[in-house]
Amino acid sequence: SLMMHLPGLQESGVLARINANLNKLGFVLRGMYGEGSQAAGAVYQLSNQVTLGLSEKDALENLTGMARQIIRQEREARKQLREDITVQDKVARALGILGSARMLSSSEFMELISSVRLGVAEQMCKDLSLDTVNALMIEAQPASVSSAAGHSLTPQERDIRRADLVRQVL
């Protein structure tokens, strides 16, 4: 399996069709946390469903080849989004909220950081790097926030700490 950020395909509404085609080819596109989960922030898990009788090398090559095809489609979809003023506005608003929020739930954070990540990838946000955004996406996950605290946190404490972390990074 591998993780893919697919805001262009999600926004264009073609993911259901792509997933149906993937299923016919022995692949599945799931939510961020695997089987039965929803996508969080347009992050999807691409998995190879057919592995029986394949070597690890062949299974990996199949998965890599399919990922490259999806990436090409995502890049095409992003070309449309890049020029859309509503997408530019969404990116700017997401950056503003993330930079000033005092509490951020995990789901709200993922939706907002997805927009910012799209903006960074499409050169709408010049002051951030993909490395910074990618690291923040990991550091702001519930288990990462709790681990950094060194003890269990209530959901509200986690949301406060996540917002503090995001403000510091951004």
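As a reminder, the structure under discussion sits directly above these lines.
Note that the coordinates shown come from a computational prediction; the quantities given were computed from them, not determined experimentally. (Residues numbered from 1 in each chain as written. Predicted model: local features only at pLDDT ≥ 70, side-chain atom pairs only at ≥ 80, totals over all residues. Heavy atoms only, no water.)

Peer 1: So what about helix α7 (residues 142–149)? Which residues, and what values?
Peer 2: Considered for burial, the residues of α7 that qualify are Val145, Ser146 and Ala149. End-on view of α7: buried residues confined to an arc of 95 degrees, all on one side of the axis. Exposed side of α7, more than 90 degrees from the buried face: Ala143, Ser147 and Ala148 are the residues found there. Looking at the packing, one finds that the buried side of α7 touches α6 (130–139) and α8 (155–169). Just downstream of α7, Gly150 is the residue with a positive phi angle, here 85 degrees. (Buried < 20%, exposed > 50% of the residue type's maximum accessible area, 1.4 Å probe, protein only. Helix = DSSP H or I, 4+ residues; strand = E, 2+ residues; numbered from the N terminus. Arc of directions from axis to C-beta. Contact = heavy atoms within 4.5 Å.)

Peer 1: Mind laying out helix α5 (residues 106–121), listing which residues take part and the relevant values?
Peer 2: Each α-helix winds once per 3.6 residues, and so residues spaced three or four apart point in a common direction. The end-to-end C-alpha distance of α5, which contains 16 residues, comes to 22 Å, matching closely the 22 Å that a straight helix rising 1.5 Å per residue would cover. With 13 of 16 residues buried, α5 lies mostly within the body of the structure. Looking one or two residues past α5, Gln123 carries a phi angle of roughly 60 degrees, positive in sign. (Expected span 1.5 Å × (residues − 1).)

Peer 1: Can you break down the packing of helix α4 (residues 85–100) against α5 residue by residue, with the values?
Peer 2: Packed helices, taken two at a time, are described by the angle between their axes plus the distance between the axes. Viewed as axis vectors pointing N to C, α4 and α5 meet at an angle of 125 degrees, and their least axial separation amounts to 8 Å. With respect to their mutual orientation, α4 and α5 come out oblique. Crossing handedness for the pair α4 and α5: left-handed. Contacts from Val87, Lys90, Val91, Ala94, Leu95, Ile97 and Leu98 in α4 reach Glu108, Phe109, Leu112, Ile113, Ser115, Val116, Leu118 and Gly119 in α5. (Axes fitted to C-alpha atoms, helices over the stretch in contact; angles between N-to-C directions. Parallel < 35°, antiparallel > 145°, perpendicular 65-115°, else oblique. Left-handed = near helix turned anticlockwise from the far one by under 90°.)

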